[in-house]
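The residues making up each chain are set out below.
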Amino acid sequence: MSSTSARENWQELDKSSHFHPFTDLTEYAAKGGRVVNQAEHVYIHDADGNRILDGMSGLWCCNLGYTQPAIVEAVYEQLQTLPYYNSFFNCSNDKAIELSAALLKVMPAHFRKIFFTNSGSEANDTNIRLVHRYFDLLEKPEKKIIISRKNAYHGSTIAAASLGGMKGMHEQFTRLPYVHHIQQPHWFDEGADMPADEFGRAAARQLEQAIDELGEDKVAAFIAEPVQGAGGVIVPPETYWPAIKEICEQRDLLLISDEVICGFGRTGSWFGCETYGFKPDLMTFAKAVTNGFQPLGGVAIGDKVASVLTSGGGEFAHGFTYSGHPAACAAGLATLDILQQQNMVQHVSESIGPYFRRRWSELAEHPIVGQVRSQGMFAALELVQDKGSRERLAPDSAGAITCRDAAVASGLMVRAVGDSMISAPPFVCSADEIDLLVGRLHQALDKTAAAYGIKSP
Ligand SMILES: *Cc1c(COP(=O)(O)O)cnc(C)c1O
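Conventions and cut-offs
- Residues numbered from 1 in each chain as written.
- Predicted model: local features only at pLDDT ≥ 70, side-chain atom pairs only at ≥ 80, totals over all residues.
- Heavy atoms only, no water.
- Pairing = 2+ DSSP bridges.
- Helix = DSSP H or I, 4+ residues; strand = E, 2+ residues; numbered from the N terminus.
- Axes fitted to C-alpha atoms, helices over the stretch in contact; angles between N-to-C directions.
- Near = heavy atom within 4 Å.
- Polar contact = N/O pair within 3.5 Å; in protein donor to acceptor, adjacent residues only side chain to side chain.
- Areas by Shrake-Rupley, 256 points an atom, 1.4 Å probe, with all protein chains shown as cover.
- Nonpolar A, V, L, I, M, F, W, Y, C, P; charged D, E, K, R; others polar.
- Buried < 20%, exposed > 50% of the residue type's maximum accessible area, 1.4 Å probe, protein only.
- Core = buried A, V, L, I, M, F, W, Y, C linked by side-chain atoms within 4.5 Å.
- Domains from an automatic or database assignment.
- Contact = heavy atoms within 4.5 Å.
- Parallel < 35°, antiparallel > 145°, perpendicular 65-115°, else oblique.
- Left-handed = near helix turned anticlockwise from the far one by under 90°.

J.: An account of the sheet that holds strand β14 (residues 415–417) is needed here, citing residue identities and associated values.
T.: Strands sit in the order β11-β12-β15-β14 across an open sheet of four strands; the sheet is antiparallel. Of all strands in the sheet, those with a lone pairing partner are β11 (369–375) and β14, marking the two edges. With strand direction ignored, the average angle separating the axes of adjacent strands in the sheet is 25°. Pairing of β14 with strand β15 (residues 420–423) involves three bridges; the strand directions are antiparallel. Paired with V417 across the two strands is S420, which belongs to β15.

And the structure:
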């Protein structure tokens, strides 16, 4: 088969046989999509021969880019030595053991144990199991409610999507009854007539109010991403996390930090809770733990919960066939090794992160950019018609879709979330590649402005 007919065949087979996640299949059947069939360094290649700079690190997971032979070799070797064994019923495997210990070494010191899953969603399901079990063992069985935030993303199983605060997802299934949502700390969208610091404190106070309304004897935990990723890289006001931390210290509830995006350097520290100075009882990880090369997620369990669940509570009746899969754990070990050997977290906090953020912040000058925000190695900008009134370009976030399509057409993968554009590039981008990213996005902004009849310089 020539490559052209192979490509046409993929498009047709994809439409006829593949049910895509988060895709409008009617639209997809009409328009088709992009078949990615190769990648190297920070570039993806599609079957039409386009080479696209990946400003999203895959789905926030390929933080070290696509060319990492040490991870590939580790997986290959592991598959030859021990391709599979489970961790149920008092069994273990060497790679799961080594990765648990290696993860605890890079995590804040109060973490004691690692529970492995295959994904972030399953890890957040596991969090609910851990939290409920914890309070049951403490003979507080009434404590079942988990407080979360609107527009949070915690995954897509029934439990994880219930924890999440995505309206479009909630409309399509019946949610768990014991999850309660409070406001997100999204100043530009929701608090613009208040100074950011004041808004941050007010958004945090909603946690306290929710605990009072629902009853402290019924509330079990608060879950949050340090920076909401999929919600639009929502960097909270500086006052937000200190206020949340104080509330969690004063009240009887567990704090869960969902670090599926923020973990492993994205915010400029190993974990987002360190950037924002709080101490979670449970921490969700996935995505970048294997650089996206193998599916792996899990929960880091702090001393408070670990001590209750590991002293006479009996069996924890939960687990996955592939919990602690040896090949996935081998990928995790190799990834951690690279992060450490190459001082990647420091590289994000001191070198490429500041450069990326400085270049990104220049986009604030553009006539259709109402706000830029960034942290570590991810960033967002808000599209507006008018900087003063913050009026949006068009209804239904059409402006951001125009901008995203223009960016992708010019060879840059970024995402549109509501009326914002977001980017989370791989840490291994060079300064030149950051320049390319910002330059292509700038052009896409110009095209978007032109499409709405706004003059750009
Ligand atoms: C992606 C994501 C998840 C879900 O992870 P999956 O591996 O897709 O199940 C959970 N939480 C956050 C913050 C995420 O970004």
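Following the structure, the description resumes.
J.: Quick rundown of the site of the ligand? Include the residues and the values.
T.: All residues in the neighbourhood of the ligand are listed as S119, G120, S121, N124, Y153, H154, G155, E225, D258, V260, I261 and K287. A distance of 2.9 Å is found between an oxygen atom of the ligand and a backbone nitrogen or oxygen belonging to G120. At 2.8 Å, a side-chain N or O of D258 approaches a nitrogen atom of the ligand. Here the ligand loses 85% of its free accessible area of 380 Å² to cover by the protein chains. With three residues, the top contributor of residues to the shell around the ligand is helix α6 (residues 120–137). Partitioning the shell around the ligand into residue classes produces three nonpolar, six polar and three charged.

J.: Please provide a residue-by-residue account of the pairing of strand β2 (residues 43–46), values included.
T.: On β2, burial covers both faces: Y43 and H45 on one face and I44 and D46 on the other are all buried. In sequence, strand β1 (residues 36–40) turns back onto β2 through a hairpin of two residues, with H41 there showing a positive phi of about 50°. Pairing of β2 with strand β3 (residues 51–54), which is carried by three bridges, proceeds in the antiparallel orientation. Looking at β3, one finds that I44 is bridged to I52.

J.: Before we move on, can you summarise the nonpolar core with the specific residues and values?
T.: Of all hydrophobic cores here, the largest spans 101 residues; its most connected members are L103, F222 and F264. Broken down by element, the residue count for this core peaks at 10 residues, all from helix α14 (residues 326–341). Both domains that meet at this core, namely domain 1 (34–67 + 343–451) and domain 2 (70–341), each give it at least three residues. Non-local contacts of F222, meaning those with residues more than four positions away in its chain, are made with I147, S148, R149, I182, L207, Y240, I244, L253, L254, L255 and I256.

J.: Would you mind going over the packing of helix α4 (residues 69–81) against α14 in detail, with residue names and values included?
T.: Where α4 meets α14, the closest approach of the two axes is 8 Å, and the angle between their N-to-C directions is 150°. Considering the angle they form, α4 stands roughly antiparallel to α14. Between α4 and α14 the crossing geometry is right-handed. From α4, A70, I71, A74, V75, Q78 and L79 reach across to α14, where they touch P326, A327, A330, A331, A334, T335 and I338.

J.: Explain the side chain of T448 to me, using residue names and the numbers behind them.
T.: Mapping T448 onto the fold places it in helix α17 (residues 431–451). On the accessibility criterion, T448 (0% relative accessible area) is buried. Side-chain polar atoms of T448 contact the backbone oxygen of A444, separated by 2.7 Å. Those residues in contact with T448 that sit more than four places away from it in its chain are I368, L393, G399, T402 and C403.

J.: How would you sum up the sheet that holds strand β8 (residues 254–258)? Please name residues and give values.
T.: Taken in spatial order, the seven strands make up an open sheet running β4-β10-β9-β8-β7-β5-β6, and their pairing is mixed. Across the chains shown, the open sheet's two edge strands, defined by having one partner strand only, are β4 (111–117) and β6 (179–182). Sheet twist, expressed as the average angle between the axes of neighbouring strands with direction ignored, equals 20°. Of the strand pairs in this sheet, strand β7 (residues 219–224) and β8 are connected by four bridges, and their pairing is parallel. Residue pairing for β8: A221 is matched across the bridge by L254. Across the face of the sheet, helix α5 (residues 94–106) comes into contact with β4 and β9 (282–285) while running at roughly 135° to β4. Strands β4, β5 (145–149), β7, β8, β9 and β10 (297–302) of the sheet are contacted by α6, whose axis makes an angle of about 165° with β9.

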